[in-house]
Amino acid sequence: MKKVLTGIKPTGYAHLGNYFGAIKPAIELSKNEDYECFYFIADYHALTTLKSKDEMKEYFYNIACTWLACGLDPNKVVFYRQSDIKEVFEINWILCNVTPKGLMNRAHAYKACVENNEQNNLDRDANINMGLYNYPILMAADILSFGTDLVPVGLDQKQHIEIARDIANAFNKKYENVFIMPDCYIQENARTLIGLDGRKMSKSYNNTIQLFTDEKELKKKINRIVTDSKLPGEPKDLDCTINKLYKLFVDDDKAKEFEQKLKDGLSWGEAKNMLFEVANNYIKPMREKFFYYMQHKDIVDEILKQGAVKAQKCAREYLQKVRKAIGVEN
Ligand code: TRP
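In this numbering scheme, every chain counts its residues from 1 along its sequence in written order. In view of the model being predicted, local features appear only for residues whose pLDDT reaches at least 70, and side-chain atom pairs are presented and counted only at 80 or more, with totals across whole chains, interfaces and linings using the full set of residues. With hydrogens and water excluded, all non-hydrogen atoms of the structure serve as input to the side-chain values.

Caption draft 1: Focus on the pairing of strand β1 (residues 2-8). Counting buried positions over the 7 residues of β1 gives 5, a clear majority of the element. Strand pairing requires that DSSP identify at least two bridges connecting the strands. Numbered from the N terminus, helices here are DSSP runs of H or I no shorter than four residues, and strands are runs of E no shorter than two. Judged from the 7 bridges that link them, β1 and strand β2 (residues 35-41) form a sheet pairing that is parallel. Note that in β2 the partner of Lys-2 across the bridge is Tyr-35. Remark: the β1/helix α1 (residues 16-30)/β2 crossover connection has right-handed handedness. For the exposure calls, accessible area comes from a 1.4 Å probe over protein chains only, and a residue counts as buried if that area is under 20% of its type's maximum, exposed if over 50%, partly exposed in between. By convention a crossover is right-handed if, when the strands point away from the viewer, the path from the first strand over the helix to the second runs clockwise.

Caption draft 2: How the structure looks around the nonpolar core. One finds Leu-16, Tyr-39, Trp-67, Phe-79, Phe-249 and Leu-275 to be the most contacted residues of the largest nonpolar core, which totals 61 residues. In this document the domain limits rely on a domain assignment from an automatic tool or a database. Taken domain by domain, the makeup of this core includes at least three residues from each of domain 1 (2-193 + 296-326) and domain 2 (212-291). Contact definition: two residues touch when any of their heavy atoms are within 4.5 Å. In this view, Leu-16 contacts Gly-21, Leu-193, Met-201, Ile-209, Leu-211, Phe-249 and Ile-283; residues no more than four positions away in its chain are not counted. Residues grouped as a nonpolar core are buried Ala, Val, Leu, Ile, Met, Phe, Trp, Tyr and Cys residues, joined through side-chain atoms within 4.5 Å. Counting residues in hydrophobic clusters, the runner-up holds 47 residues, among them Val-78, Tyr-135, Met-139 and Ile-161.

Caption draft 3: The site of the ligand, seen in detail. In the vicinity of the ligand there are 14 residues, among which Lys-9, His-45, Tyr-135, Asp-142 and Gln-157 approach most closely. At 2.6 Å, a side-chain N or O of Tyr-135 approaches a nitrogen atom of the ligand. Gln-157 is positioned with one of its side-chain polar atoms (N or O) 2.9 Å from a nitrogen atom of the ligand. Here the accessible surface of atoms and residues is derived via Shrake-Rupley with a 1.4 Å probe, and residues count as covered only by protein chains that are part of the display. With the chains in place, 90% of the 360 Å² that the ligand exposes on its own is no longer accessible. When contributions to the shell around the ligand are tallied by element, the ones reaching two or more residues are β1 and α7 (130-144). With 4 residues, α7 is the largest single contributor of residues to the shell around the ligand. A class-by-class count of the residues in the shell around the ligand yields 8 nonpolar, 4 polar and 2 charged. If a single non-hydrogen atom of a residue is within 4 Å of a molecule or strand, that residue counts as near it. By the criterion applied in these results, polar contacts are pairs of N or O atoms within 3.5 Å in which, for protein atoms, one can donate a hydrogen and the other can accept it, and in which residues neighboring in sequence qualify only through two side-chain atoms. Polar here means any residue outside two lists: the nonpolar Ala, Val, Leu, Ile, Met, Phe, Trp, Tyr, Cys and Pro, and the charged Asp, Glu, Lys and Arg; Gly therefore counts as polar.

Caption draft 4: Structural context of the pairing of β2. Of all 7 residues making up β2, 6 are buried, and the element is well covered by its neighbours. One ladder, built from 5 bridges, connects β2 with strand β3 (residues 77-81); its direction is parallel. Following the sheet pairing, Phe-40 is matched in β3 by Tyr-80.

Caption draft 5: Here's a closer look at a negative patch on the surface. Grouping into patches uses exposed residues only, defined as over 30% relative accessible area, and leaves out salt-bridged ones; the cut-off is 9 Å for like charges and 5 Å for nonpolar side chains (Val, Leu, Ile, Met, Phe, Trp, Tyr). Whenever a carboxyl oxygen of Asp or Glu lies within 4 Å of a side-chain nitrogen of Lys or Arg, that contact is scored as a salt bridge. Only four residue types enter the tally: Lys and Arg on the positive side, Asp and Glu on the negative side; His and the chain ends are excluded. A charge is said to be at NZ when it belongs to Lys, at CZ for Arg, at CG for Asp and at CD for Glu. A cluster of acidic side chains, namely Asp-251, Asp-252, Asp-253 and Glu-257, defines a negative patch on the protein surface. Within the element layout of this structure, Glu-257 appears in helix α11 (residues 252-263).

Caption draft 6: Representation of the domain arrangement of the protein. Split into domains, the protein comes out as domain 1 (2-193 + 296-326) and domain 2 (212-291). Placing the centre of domain 1 and that of domain 2 at their C-alpha centroids yields a distance of 33 Å. Opposite the 13 residues of domain 1 that make contact, domain 2 presents 9 residues. On the surface where domain 1 and domain 2 come into contact, there are 1 residue pair in polar contact (both at pLDDT 80 or more). Where the side of domain 1 that touches domain 2 is concerned, the elements lending two or more residues are α1 and α3 (53-69).

Caption draft 7: Broad picture of the packing of α3 against helix α12 (residues 268-295). In the contact formed by α3 and α12, the axes pass within 8 Å of each other and the chain directions differ by 135 degrees. Comparing the axis directions of α3 and α12 gives the class oblique. Considering only the axes of α3 and α12, their crossing is right-handed. For the pair α3 and α12, contact is made by Tyr-61, Asn-62, Cys-65, Thr-66, Leu-68 and Ala-69 and by Met-286, Lys-289, Phe-290, Tyr-293 and Met-294, respectively. In terms of residue class, the contact of α3 with α12 is made up of 8 nonpolar, 2 polar and 1 charged. Every angle, taken between N-to-C directions, lies between 0 and 180 degrees, and every axis is a line fitted to C-alpha atoms, over only the stretch in contact when it is a helix. Each angle gets one of four labels, with under 35 degrees taken as roughly parallel, over 145 as roughly antiparallel, 65 to 115 as roughly perpendicular, and the rest as oblique. Handedness of a helix crossing follows the sense of rotation of the near helix relative to the far helix, less than a right angle counterclockwise being left-handed and clockwise being right-handed.

What follows is the structure in C-alpha coordinates.
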(Lines give C-alpha, C1' and ligand atoms only; values in the text may rest on other atoms or scores of the structure.)
Protein backbone atom coordinates (compact mmCIF):
# COMPACT_ATOMS: atom_id res chain seq x y z
CA MET A 1 0.00 0.00 0.00
CA LYS A 2 1.34 3.40 -0.93
CA LYS A 3 1.43 6.16 1.64
CA VAL A 4 -0.01 9.49 0.58
CA LEU A 5 0.48 12.60 2.69
CA THR A 6 -0.47 16.23 2.37
CA GLY A 7 -0.98 19.26 4.59
CA ILE A 8 -2.88 22.51 4.41
CA LYS A 9 -1.79 25.60 6.30
CA PRO A 10 -4.46 27.36 8.35
CA THR A 11 -3.65 30.86 7.16
CA GLY A 12 -7.09 31.95 5.99
CA TYR A 13 -10.59 30.80 5.23
CA ALA A 14 -10.81 27.95 2.73
CA HIS A 15 -11.82 29.21 -0.72
CA LEU A 16 -13.01 27.62 -3.94
CA GLY A 17 -9.42 27.42 -5.20
CA ASN A 18 -8.41 25.35 -2.17
CA TYR A 19 -11.43 23.14 -2.62
CA PHE A 20 -11.09 22.30 -6.32
CA GLY A 21 -7.29 22.51 -6.34
CA ALA A 22 -6.47 20.47 -3.24
CA ILE A 23 -9.26 19.29 -0.95
CA LYS A 24 -11.58 17.62 -3.45
CA PRO A 25 -8.85 15.72 -5.34
CA ALA A 26 -7.27 14.64 -2.04
CA ILE A 27 -10.58 13.28 -0.80
CA GLU A 28 -11.15 11.43 -4.07
CA LEU A 29 -7.69 9.91 -3.75
CA SER A 30 -8.46 8.69 -0.24
CA LYS A 31 -11.27 6.53 -1.62
CA ASN A 32 -8.71 4.47 -3.54
CA GLU A 33 -8.04 1.31 -1.53
CA ASP A 34 -4.42 1.16 -2.70
CA TYR A 35 -3.51 4.25 -0.72
CA GLU A 36 -3.08 4.91 2.97
CA CYS A 37 -3.65 8.62 3.40
CA PHE A 38 -2.28 11.05 5.97
CA TYR A 39 -3.89 14.48 5.78
CA PHE A 40 -3.03 17.13 8.31
CA ILE A 41 -3.42 20.74 9.28
CA ALA A 42 0.00 22.35 9.13
CA ASP A 43 -0.52 24.70 12.06
CA TYR A 44 3.18 25.14 12.83
CA HIS A 45 3.85 26.08 9.23
CA ALA A 46 1.20 28.76 9.60
CA LEU A 47 3.16 30.45 12.40
CA THR A 48 5.28 32.37 9.93
CA THR A 49 2.16 34.06 8.57
CA LEU A 50 -0.32 34.33 11.43
CA LYS A 51 -0.54 37.53 13.43
CA SER A 52 -2.23 36.36 16.61
CA LYS A 53 -3.52 33.57 18.77
CA ASP A 54 -7.06 34.37 17.66
CA GLU A 55 -6.14 33.98 14.01
CA MET A 56 -4.60 30.61 14.75
CA LYS A 57 -7.75 29.37 16.47
CA GLU A 58 -10.07 30.80 13.87
CA TYR A 59 -8.27 29.46 10.81
CA PHE A 60 -7.39 26.17 12.41
CA TYR A 61 -11.03 25.26 13.00
CA ASN A 62 -12.05 26.69 9.65
CA ILE A 63 -9.68 24.35 7.84
CA ALA A 64 -10.37 21.34 10.08
CA CYS A 65 -14.14 21.68 9.70
CA THR A 66 -13.76 22.27 5.97
CA TRP A 67 -11.99 18.95 5.44
CA LEU A 68 -14.67 17.13 7.39
CA ALA A 69 -17.53 18.96 5.69
CA CYS A 70 -16.06 18.17 2.28
CA GLY A 71 -16.25 14.47 3.00
CA LEU A 72 -12.95 13.43 4.56
CA ASP A 73 -13.67 10.13 6.31
CA PRO A 74 -11.58 9.92 9.50
CA ASN A 75 -11.90 6.14 9.43
CA LYS A 76 -10.15 6.02 6.06
CA VAL A 77 -7.74 8.91 6.41
CA VAL A 78 -5.33 9.55 9.26
CA PHE A 79 -6.42 13.12 9.93
CA TYR A 80 -4.38 15.09 12.45
CA ARG A 81 -2.95 18.35 13.61
CA GLN A 82 0.75 18.78 12.84
CA SER A 83 1.62 20.24 16.25
CA ASP A 84 0.26 17.11 17.99
CA ILE A 85 3.00 14.95 16.51
CA LYS A 86 6.07 15.82 18.58
CA GLU A 87 8.10 13.16 16.76
CA VAL A 88 8.02 15.31 13.61
CA PHE A 89 9.77 18.14 15.44
CA GLU A 90 12.51 15.90 16.75
CA ILE A 91 13.09 14.61 13.24
CA ASN A 92 13.00 18.23 12.05
CA TRP A 93 15.97 19.08 14.25
CA ILE A 94 17.95 16.07 13.14
CA LEU A 95 17.25 16.94 9.51
CA CYS A 96 18.50 20.50 10.12
CA ASN A 97 21.90 18.95 10.66
CA VAL A 98 22.12 17.30 7.28
CA THR A 99 20.63 20.23 5.37
CA PRO A 100 23.13 22.51 3.62
CA LYS A 101 22.36 26.15 4.35
CA GLY A 102 22.76 26.92 0.66
CA LEU A 103 19.82 24.68 -0.13
CA MET A 104 17.59 26.88 2.02
CA ASN A 105 18.99 30.03 0.39
CA ARG A 106 17.62 28.73 -2.89
CA ALA A 107 14.07 28.02 -1.65
CA HIS A 108 11.53 30.06 -3.65
CA ALA A 109 9.57 31.52 -0.74
CA TYR A 110 12.67 32.77 1.06
CA LYS A 111 14.23 34.05 -2.16
CA ALA A 112 11.07 35.97 -3.00
CA CYS A 113 11.18 37.73 0.38
CA VAL A 114 14.85 38.63 -0.08
CA GLU A 115 14.21 40.00 -3.57
CA ASN A 116 11.31 42.00 -2.26
CA ASN A 117 13.50 43.49 0.46
CA GLU A 118 16.22 44.36 -2.02
CA GLN A 119 13.73 46.10 -4.31
CA ASN A 120 12.59 48.17 -1.37
CA ASN A 121 16.14 49.04 -0.36
CA LEU A 122 15.85 47.14 2.91
CA ASP A 123 18.32 44.80 4.49
CA ARG A 124 18.04 41.54 2.56
CA ASP A 125 16.83 39.62 5.61
CA ALA A 126 14.50 42.30 6.97
CA ASN A 127 11.30 40.81 8.40
CA ILE A 128 12.45 37.28 7.67
CA ASN A 129 12.36 34.93 10.63
CA MET A 130 13.94 31.52 10.99
CA GLY A 131 10.54 29.87 10.71
CA LEU A 132 10.31 31.04 7.13
CA TYR A 133 13.92 30.16 6.42
CA ASN A 134 13.62 26.64 7.85
CA TYR A 135 10.14 26.08 6.46
CA PRO A 136 11.28 23.53 3.87
CA ILE A 137 13.06 21.45 6.51
CA LEU A 138 9.94 21.16 8.62
CA MET A 139 8.04 20.22 5.51
CA ALA A 140 10.63 17.53 4.78
CA ALA A 141 10.13 16.28 8.35
CA ASP A 142 6.35 16.19 7.82
CA ILE A 143 6.83 14.02 4.78
CA LEU A 144 9.76 11.83 5.80
CA SER A 145 8.48 11.00 9.30
CA PHE A 146 5.79 8.78 7.81
CA GLY A 147 7.65 7.06 5.00
CA THR A 148 5.52 8.91 2.48
CA ASP A 149 5.52 7.72 -1.14
CA LEU A 150 3.31 10.36 -2.71
CA VAL A 151 2.65 13.99 -1.88
CA PRO A 152 -0.33 15.49 -3.69
CA VAL A 153 0.35 19.22 -4.00
CA GLY A 154 0.02 22.09 -6.42
CA LEU A 155 2.86 23.06 -8.71
CA ASP A 156 3.90 25.84 -6.32
CA GLN A 157 4.99 23.19 -3.81
CA LYS A 158 7.06 21.12 -6.21
CA GLN A 159 10.36 22.61 -5.11
CA HIS A 160 9.57 21.73 -1.50
CA ILE A 161 9.21 18.06 -2.42
CA GLU A 162 12.50 18.18 -4.29
CA ILE A 163 14.13 19.68 -1.22
CA ALA A 164 12.64 16.91 0.93
CA ARG A 165 14.25 14.38 -1.40
CA ASP A 166 17.60 16.15 -1.20
CA ILE A 167 17.44 16.15 2.58
CA ALA A 168 16.42 12.47 2.70
CA ASN A 169 19.34 11.65 0.43
CA ALA A 170 21.78 13.60 2.56
CA PHE A 171 20.66 11.73 5.67
CA ASN A 172 20.66 8.31 4.00
CA LYS A 173 24.15 8.92 2.66
CA LYS A 174 25.63 10.11 5.93
CA TYR A 175 23.98 7.42 8.08
CA GLU A 176 21.92 4.63 6.57
CA ASN A 177 18.94 4.14 4.32
CA VAL A 178 16.20 5.20 6.68
CA PHE A 179 14.12 7.55 4.59
CA ILE A 180 11.94 6.74 1.62
CA MET A 181 12.12 9.09 -1.37
CA PRO A 182 8.81 10.88 -1.72
CA ASP A 183 7.36 11.75 -5.10
CA CYS A 184 5.39 14.82 -5.94
CA TYR A 185 1.92 13.97 -7.16
CA ILE A 186 0.42 16.67 -9.33
CA GLN A 187 -3.09 15.48 -10.00
CA GLU A 188 -4.71 15.72 -13.40
CA ASN A 189 -8.08 16.60 -11.96
CA ALA A 190 -6.70 19.22 -9.60
CA ARG A 191 -7.24 22.64 -11.08
CA THR A 192 -5.89 26.10 -10.75
CA LEU A 193 -8.92 28.25 -10.31
CA ILE A 194 -9.43 31.67 -11.76
CA GLY A 195 -10.37 34.35 -9.24
CA LEU A 196 -12.81 37.26 -9.39
CA ASP A 197 -10.38 39.47 -11.29
CA GLY A 198 -9.35 36.83 -13.83
CA ARG A 199 -6.00 36.04 -12.19
CA LYS A 200 -5.27 32.82 -10.31
CA MET A 201 -7.55 32.54 -7.27
CA SER A 202 -5.31 33.21 -4.31
CA LYS A 203 -5.49 34.83 -0.92
CA SER A 204 -2.54 37.01 -1.83
CA TYR A 205 -4.50 38.58 -4.72
CA ASN A 206 -7.59 39.09 -2.59
CA ASN A 207 -9.73 37.66 -5.39
CA THR A 208 -11.10 34.53 -3.73
CA ILE A 209 -14.57 33.22 -3.13
CA GLN A 210 -14.76 31.67 0.31
CA LEU A 211 -16.10 28.14 0.19
CA PHE A 212 -18.49 28.48 3.10
CA THR A 213 -19.69 32.05 3.12
CA ASP A 214 -23.43 32.47 3.42
CA GLU A 215 -25.65 32.64 0.35
CA LYS A 216 -25.86 36.42 0.30
CA GLU A 217 -22.12 36.85 0.38
CA LEU A 218 -21.66 34.16 -2.28
CA LYS A 219 -24.05 36.03 -4.52
CA LYS A 220 -22.27 39.30 -3.90
CA LYS A 221 -18.90 37.78 -4.73
CA ILE A 222 -20.21 36.21 -7.94
CA ASN A 223 -21.65 39.56 -8.95
CA ARG A 224 -18.19 41.06 -8.53
CA ILE A 225 -16.62 38.76 -11.14
CA VAL A 226 -15.04 40.94 -13.79
CA THR A 227 -16.56 40.55 -17.27
CA ASP A 228 -16.06 42.32 -20.57
CA SER A 229 -18.53 44.89 -21.80
CA LYS A 230 -20.47 42.67 -24.23
CA LEU A 231 -24.19 43.50 -24.21
CA PRO A 232 -27.10 41.09 -23.80
CA GLY A 233 -27.65 39.36 -27.14
CA GLU A 234 -23.99 39.50 -28.11
CA PRO A 235 -22.16 36.14 -28.09
CA LYS A 236 -19.83 35.75 -25.12
CA ASP A 237 -16.29 34.45 -25.08
CA LEU A 238 -16.30 30.90 -23.64
CA ASP A 239 -12.89 31.53 -22.13
CA CYS A 240 -14.44 33.79 -19.49
CA THR A 241 -14.19 33.36 -15.72
CA ILE A 242 -17.90 32.69 -15.31
CA ASN A 243 -17.85 29.79 -17.73
CA LYS A 244 -14.73 28.35 -16.12
CA LEU A 245 -16.33 28.44 -12.69
CA TYR A 246 -19.72 27.17 -13.90
CA LYS A 247 -18.13 24.00 -15.29
CA LEU A 248 -16.80 23.02 -11.89
CA PHE A 249 -20.23 22.59 -10.42
CA VAL A 250 -22.05 20.69 -13.17
CA ASP A 251 -21.77 17.61 -15.39
CA ASP A 252 -20.68 17.82 -19.03
CA ASP A 253 -24.21 18.09 -20.45
CA LYS A 254 -25.10 21.00 -18.24
CA ALA A 255 -21.77 22.65 -19.04
CA LYS A 256 -22.50 22.38 -22.78
CA GLU A 257 -25.98 23.84 -22.34
CA PHE A 258 -24.49 26.80 -20.53
CA GLU A 259 -21.88 27.34 -23.23
CA GLN A 260 -24.62 27.34 -25.86
CA LYS A 261 -26.49 30.00 -23.92
CA LEU A 262 -23.35 32.14 -23.69
CA LYS A 263 -22.84 31.80 -27.43
CA ASP A 264 -26.48 32.74 -27.98
CA GLY A 265 -25.98 35.98 -26.12
CA LEU A 266 -26.97 35.31 -22.52
CA SER A 267 -26.51 38.52 -20.53
CA TRP A 268 -23.73 38.66 -17.96
CA GLY A 269 -26.33 39.33 -15.27
CA GLU A 270 -28.25 36.17 -16.17
CA ALA A 271 -25.01 34.20 -16.44
CA LYS A 272 -24.04 35.30 -12.94
CA ASN A 273 -27.44 34.28 -11.58
CA MET A 274 -27.09 30.87 -13.16
CA LEU A 275 -23.60 30.48 -11.77
CA PHE A 276 -24.84 31.39 -8.32
CA GLU A 277 -27.60 28.77 -8.55
CA VAL A 278 -25.31 25.88 -9.44
CA ALA A 279 -22.58 26.94 -7.03
CA ASN A 280 -24.98 27.33 -4.17
CA ASN A 281 -26.71 24.00 -4.82
CA TYR A 282 -23.35 22.30 -4.91
CA ILE A 283 -22.01 23.91 -1.76
CA LYS A 284 -25.17 23.90 0.35
CA PRO A 285 -25.00 20.37 1.81
CA MET A 286 -21.32 20.80 2.65
CA ARG A 287 -21.98 24.21 4.14
CA GLU A 288 -24.54 22.71 6.50
CA LYS A 289 -22.05 20.10 7.64
CA PHE A 290 -19.41 22.77 8.03
CA PHE A 291 -21.54 24.82 10.40
CA TYR A 292 -22.47 21.69 12.29
CA TYR A 293 -18.80 20.98 12.98
CA MET A 294 -18.09 24.62 13.75
CA GLN A 295 -20.74 24.43 16.43
CA HIS A 296 -19.43 21.11 17.74
CA LYS A 297 -15.71 21.71 18.00
CA ASP A 298 -15.42 19.01 20.65
CA ILE A 299 -16.25 16.44 17.96
CA VAL A 300 -13.54 17.89 15.73
CA ASP A 301 -11.03 17.85 18.59
CA GLU A 302 -11.83 14.22 19.30
CA ILE A 303 -11.45 13.19 15.65
CA LEU A 304 -8.07 14.92 15.50
CA LYS A 305 -6.98 13.37 18.77
CA GLN A 306 -7.69 9.90 17.44
CA GLY A 307 -5.90 10.77 14.22
CA ALA A 308 -2.89 11.95 16.21
CA VAL A 309 -2.67 8.60 18.00
CA LYS A 310 -2.51 6.77 14.67
CA ALA A 311 -0.05 9.26 13.19
CA GLN A 312 2.20 9.11 16.24
CA LYS A 313 2.41 5.36 16.04
CA CYS A 314 3.81 5.63 12.55
CA ALA A 315 6.10 8.60 13.23
CA ARG A 316 7.46 6.95 16.38
CA GLU A 317 8.70 3.99 14.37
CA TYR A 318 10.54 6.35 12.06
CA LEU A 319 11.93 8.41 14.88
CA GLN A 320 13.31 5.31 16.51
CA LYS A 321 15.04 4.23 13.32
CA VAL A 322 16.49 7.72 12.95
CA ARG A 323 17.67 7.86 16.55
CA LYS A 324 19.36 4.52 16.18
CA ALA A 325 20.97 5.55 12.91
CA ILE A 326 22.53 8.66 14.46
CA GLY A 327 23.65 6.83 17.59
CA VAL A 328 21.54 8.29 20.38
CA GLU A 329 19.53 5.12 20.95
CA ASN A 330 20.57 1.49 20.92
N1 TRP B 1 3.69 24.09 2.38
C2 TRP B 1 2.38 23.55 2.09
C3 TRP B 1 1.53 24.68 1.50
O4 TRP B 1 1.81 25.82 1.71
C5 TRP B 1 1.73 22.97 3.31
C6 TRP B 1 2.47 21.79 3.84
C7 TRP B 1 3.17 21.73 5.01
C8 TRP B 1 2.60 20.51 3.22
N9 TRP B 1 3.71 20.50 5.17
C10 TRP B 1 3.40 19.73 4.09
C11 TRP B 1 2.12 19.97 2.02
C12 TRP B 1 3.75 18.40 3.75
C13 TRP B 1 2.49 18.68 1.69
C14 TRP B 1 3.28 17.89 2.56
O15 TRP B 1 0.56 24.40 0.86
